[in-house]
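Descriptive analysis of the structure
Each chain, written out:
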Amino acid sequence: HQNLGMMYIIQRDNDKAILYLKKSIHLDPYLDAAFNNLGSLYLKQDDISQAFAYYEKAISINPYSVKARNNIAKLYFRTRQYEEGLKHLIKNVEFYPKSVDAHNNLGIALLSMGNIELAITEFNTALRIDPASEIAKIYLEKAIKKNEKK
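These lines cover the structure that appears in this document, whether it is placed above or below. Predicted model, so just to flag it, every value in this text is computed and none were measured.

Digging into helix α3 (residues 32-44)
Taking 1.5 Å of rise per residue, the 13 residues of α3 would be expected to cover 18 Å, and the 19 Å separating its terminal C-alpha atoms lies within 8% of that figure. With 10 of its 13 residues buried, α3 lies for the most part within the structure. For α3, the complete set of buried residues consists of D32, A34, F35, N36, N37, L38, G39, L41, Y42 and L43. Where the residues of α3 are buried, they touch α1 (2-10), α2 (14-27), α4 (48-61) and α5 (66-78). Note on α3: the residue one or two positions beyond its end, D46, has a positive phi of about 60 degrees.

Side note on the packing of aromatic side chains
Applying the stated criterion across every chain yields a total of 7 aromatic pairs. Between F123 and Y139, the ring centres sit 5.9 Å apart and the planes meet at 25 degrees, which makes this aromatic pair stacked. Placement of F123 in helix α8 (residues 116-129) and of Y139 in helix α9 (residues 134-149) is noted, with a sequence separation of 16 residues between them. Overall, the relative accessible area of 0% leaves F123 in the buried class. The class for Y139 is partly exposed, based on a relative accessible area of 26%. Joined through ring pairs, the aromatic side chains of F35, Y42 and Y54 make up one cluster. Above the plane of the ring of F35 lies K57, whose end atom (NZ or CZ) is 5.9 Å from the centre. Seen from the ring of Y139, K142 lies directly overhead, with NZ or CZ sitting 4.8 Å from the centre.

The rules behind the values
Residues numbered from 1 in each chain as written. Predicted model: local features only at pLDDT ≥ 70, side-chain atom pairs only at ≥ 80, totals over all residues. Heavy atoms only, no water. Helix = DSSP H or I, 4+ residues; strand = E, 2+ residues; numbered from the N terminus. Expected span 1.5 Å × (residues − 1). Buried < 20%, exposed > 50% of the residue type's maximum accessible area, 1.4 Å probe, protein only. Contact = heavy atoms within 4.5 Å. Phe/Tyr/Trp six-rings, centres within 6.5 Å; stacked < 30°, edge-to-face > 60°. Lys NZ or Arg CZ within 6 Å of the ring centre and 35° of its normal.

So far we have only geometry, and geometry alone does not tell us how the molecule works.
Here it is, written out as C-alpha cells:
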C-alpha cells in the first residue's frame, strides 16, 4: 500500500495517495515515512493541523528522521514558530554532525532569524565537510554581506 501511495504522489493524485498511505499505516503503524508523506500531502492541502500531527507521529516513531524533522521545521517557520522549528534543525545536526545539508538548513534558518554569526559558523562547518557545497558558499556570502551591513 505504501508503494501505491508513493506512485499516486508521483502522479499528483493526492486523494488516492492519502487513501493508500493511510491503508499502509493501518497495516503497519510504524511506517514513519508514510506518516511523513501524509504530513506533506496535508500541507499541500493547507491542512496545517493534520500536517503537524502526521509529522509529529513520524518523529515519534523515528526520532532520527531527517526528512520529518526538516518538514516539521519548515512548517514551524511557516507558522512563525521559529524557536520550535530551530529545535528540530539542531537535532538533525546533533544526530548527523557530518551532514552538509543539516548544517546548511540550520544556517539558513539562523540567517533568516537574524542570527548571522551562528549562521556563518554553520555554513563554514558545511564547507569544512564539503568544500564544494554551492549552497553553503552562496549563503555564507549572503551572511557575510549582511554582517558587514550591521
